[in-house]
Amino acid sequence: MVTAKKLEPGGKSDLHTDHQILNMGPSHPATHGTVKIVLEIDGEQIVDMEVMVGYLHRGFEKECESGTWYQAIPYTDRLNYNSAILANLSFCMAVEKLLEIELPHRCLWVRTLAGELSRMGDHLTRLGAACLELGAMTPFLYGIEARELVWDLQEMLCGARVTANYIRIGGLQRQVPEGFEDRMAQSLMRIEQLLVDFDKLVTANRIFVDRFRRTGMIPAQRLIEYGVTGPLLRAAGIPLDLRKAEPYLVYDQLDFDVPVGTIGDNYDRFLVCQEELAQSIRIIRQCLPVLRKTRGEPVDVDDPKIRWPAKDRVFGRMEELIQQFKGVTEGVKVPAGEAYSAIESANGELGFYIVSDGTGKPYKVRCRAPSFMNVAPLREMMLGGMLADIVPTFDMINMIGGECDR
Amino acid sequence: MAVELLERVGELLGDAVIDSHARLGDATVLVDAGRIQEVLGALRDSDLRFNVLMDLTAVDYLGRNPRFEVVYHLASVDTEPHGTDPARLPHRLRVKAGVLEDPCEIGSATSLYVSADWMEREVWDLYGIVFKGHPDLKRILLYEQFEGHPLRKDYPKERRQPLIGPLN
């Protein structure tokens, strides 16, 4: 603690004016997961800082290399645990690229819907938690109530609320259950209501605006140099969205907008995420009629070497039983080669660079994690800023320890 | 599209390109590791405008010579505004460079792309490849006392190096 001393009789002050070193984290309520920030501060102003990541490193790549391709999918759940389905999706799309397979029509639509649902869960957590960490408990509860509805729907789809493990190489874990579309339509209405309430509570709140406006700013050009993507880049005015720039799944058939900010401060980031929630709802509303219309159609590729048969067939017939046994014990044989495939996750470009040597195991699984890339410019965003601005900036970056440290 | 891009890249880089392919639509060039900074600089500053280094990683091909391959994923993001249209991403390119086991080093891209800073630290941390010219090459995901580089294929997965607690 720096304490002020009494003034000397000559009138010269003897205040300690040295810079102070302050450790923030690794266990700090505002650092999601664990990250350590070593700060050099002059009073409350940040003179220099170093961001130290890696506290949640679990050897994701090394673990993937020791199992089959299928066994890597649950690991991808644990990257960004706020939007697990998007990580499943990105990994499976990379493997499918190497396999060169075409997916059934219905599968693409269900994947799009599940991905947007996952994105909503991520954004709701980010917005709610941002308020909570600034001391506003009530908006957090509205955000979390909406997220509960999202997670209920996710539970209907795959049985899990957080670590979904939903997307499979060449298909989906299971068919969409009966009554899902109606439940979804109802939940969306309730979520929209909650978002309006949330907006009324927060967006024009004087204290909130003061904390978010003109904090954590960095020029768009620097973000490009840092390789930052996603809502952070869009808030700075560059409308890069892979769903539009390189349409995958069925995004080229959907009608939605890419919201952008103007100056790229935390407030813009907040507004961009709010609008993206509305756009996700819009996308899901366009998916629902297709899901209703295509009910009963297959969601898996019809190739037992890639996707083993459904359980009802496995338990009744010899051939399918053998196929499932082979599928589980040996896994899918991915042809030798390399592929990179990326999707627009809730935080930006989530890509997988995979190398196969033709055996049933991955030779290399590299995850291009948006959290890792997005947290690198934090130092530059904060230099010259105030100590208290770290919390809203860190919230809007939405660094997820599991994905950043892998 | 990838084939046309490769032709343009080939013209630009000349004899620095050792091999190239466009399998699965991913334009890929294998370049001379000694000239990696020159290659990346040319790609960034030419009219191809590869302004984003999206990803940087390495692969350990144990038993092959050169043993390692450093892999760069470049993207060209159109940052000019087009009214209300979303930004375009006209092309991507994968650049690979072989790195020997000894000396296990390659030039750093940090002077060209800021994003290379953390990613090169990660590759050093997990593969032990030295990036010459990196301003502060130190471990990023693991702790300083860690011995070895775990993503090398000859690093046993079962090996434990806890800072506290029992060893195996």
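A short tour of the structure in this document, coming up.

Cut-off values and rules
- Residues numbered from 1 in each chain as written.
- Chains lettered and ligands numbered in written order.
- Predicted model: local features only at pLDDT ≥ 70, side-chain atom pairs only at ≥ 80, totals over all residues.
- Helix = DSSP H or I, 4+ residues; strand = E, 2+ residues; numbered from the N terminus.
- Rg over C-alpha atoms; globule rule 2.2 N^0.38 Å.
- Buried ≥ 20, exposed ≤ 12 C-beta atoms within 10 Å, placed from the backbone.
- Contact = placed C-beta atoms within 7 Å.
- Nonpolar A, V, L, I, M, F, W, Y, C, P; charged D, E, K, R; others polar.
- Pairing = 2+ DSSP bridges.
- Axes fitted to C-alpha atoms, helices over the stretch in contact; angles between N-to-C directions.
- Expected span 1.5 Å × (residues − 1).
- Left-handed = near helix turned anticlockwise from the far one by under 90°.
- Core = buried A, V, L, I, M, F, W, Y, C linked by C-beta atoms within 7 Å.

1. Considerations on the overall build of chain A
Then step 1. On a plain count of helices and strands, chain A comes out with 17 helices and eight strands.
Then step 2. For 406 residues, the compact-globule formula gives about 22 Å, and the C-alpha radius of gyration of chain A, at 23 Å, lands near that figure.
Then step 3. Its C-alpha atoms give chain A principal-axis dimensions of roughly 100 × 45 × 35 Å.
Then step 4. Counting all 406 residues of chain A, 49% fall into the buried class.
Then step 5. Taking all contacts inside chain A whose residues are at least 6 apart in sequence as the whole, residues at least 24 apart take part in 69%.

2. Things to note about the interface of chain B and chain A
Then step 1. Each partner contributes residues to the interface: chain B has 30 residues there, and chain A has 34 residues.
Then step 2. When contributions to the side of chain B that touches chain A are tallied by element, the ones reaching two or more residues are strand 3 (52-60), strand 4 (68-76) and helix 3 (116-127) of chain B.
Then step 3. Partitioned by chemical class, the residues of the side of chain B that touches chain A number 18 nonpolar, five polar and seven charged.

3. A word on the sheet that holds strand 1 (residues 20-24) of chain A
Residues and elements named next belong to chain A.
Then step 1. Here we have three strands laid out as an open sheet, ordered 1-2-3, and antiparallel in their pairing. Of all the strands in the sheet, the pair left with one neighbour each is strand 1 and strand 3 (45-52). In this sheet, adjacent strand axes meet at a mean angle of 20 degrees when their direction is disregarded.
Then step 2. For strand 2 (residues 36-42) and strand 3, the ladder comprises seven bridges, and the chain directions are antiparallel.

4. Quick notes on helix 6 (residues 180-202) of chain A
Residues and elements named next belong to chain A.
Then step 1. In a regular helix each residue adds 1.5 Å, so 23 residues correspond to 33 Å; helix 6 covers 32 Å between its end C-alpha atoms and thus fits that length.
Then step 2. All of the buried residues in helix 6 are M184, L188, I191, L195, F198 and V202.
Then step 3. Buried residues along helix 6 sit in contact with helix 4 (105-133), helix 5 (137-158), helix 7 (206-212) and helix 11 (266-293).

5. Re the pairing of strand 5 (residues 91-99) of chain B
Residues and elements named next belong to chain B.
Then step 1. Burial analysis of strand 5 places seven of its nine residues in the buried class, which makes it a mostly covered element.
Then step 2. With four bridges connecting them, strand 2 (residues 28-31) and strand 5 associate as parallel partners. Bridge assignment links V31 to a residue of strand 5, and that residue is A97.

6. Some points on the packing of helix 11 of chain A against helix 16 (residues 390-397) of chain A
All names here are of chain A.
Then step 1. Where helix 11 contacts helix 16, the two axes come as close as 10 Å, and the packing angle between them is 35 degrees. Regarding helix 11 and helix 16, the two cross each other, and that crossing is left-handed. Residue-level contacts link N266, R269 and F270 of helix 11 to P392, T393 and M396 of helix 16.

7. Regarding the sheet that holds strand 7 (residues 349-356) of chain A
Residue and element names in this part refer to chain A.
Then step 1. Read across the sheet, three strands follow the order 6-7-8 without closing on themselves; strand pairing throughout is antiparallel. Both outer strands of the open sheet, strand 6 (337-344) and strand 8 (362-368), are each paired with one neighbouring strand and no more. On average, each strand axis in the sheet is inclined to that of its neighbour by 15 degrees, with strand direction left out of account.
Then step 2. Here six bridges tie strand 7 to strand 8, and the two strands are oriented antiparallel to one another. Following the sheet pairing, I354 is matched in strand 8 by V365.
Then step 3. In the packing of helix 3 (residues 84-99) onto the sheet, contacts are made with strand 6 and strand 7, and the angle to strand 6 comes to roughly 145 degrees.

8. Details of the nonpolar core
Then step 1. The biggest cluster of nonpolar side chains holds 159 residues, and the ones touching the most others in it are A:V95, B:V70, B:L74 and B:I129.
Then step 2. No other element matches helix 3 of chain A, which puts 12 residues into this core.
Then step 3. Ignoring anything within four residues of it in the chain, the contact list for B:V70 reads B:A58, B:A97, B:V99, B:I106, B:V123 and B:I129.

9. Structural notes on unusual backbone geometry
Then step 1. Put simply, B:N65 and B:P66 share a cis peptide bond, and its omega is -5 degrees.
Then step 2. In this fold, B:P66 is placed in the loop between strand 3 and strand 4.
Then step 3. Of note, the amide linkage connecting B:D102 to B:P103 takes the cis form, showing an omega dihedral of 0 degrees.
Then step 4. The phi dihedral of A:E100 is positive, around 55 degrees, even though this residue is not glycine.
Then step 5. You can see A:E100 is positioned in the loop between helix 3 and helix 4.
Then step 6. Given 11 C-beta atoms within 10 Å, A:E100 falls into the exposed group.

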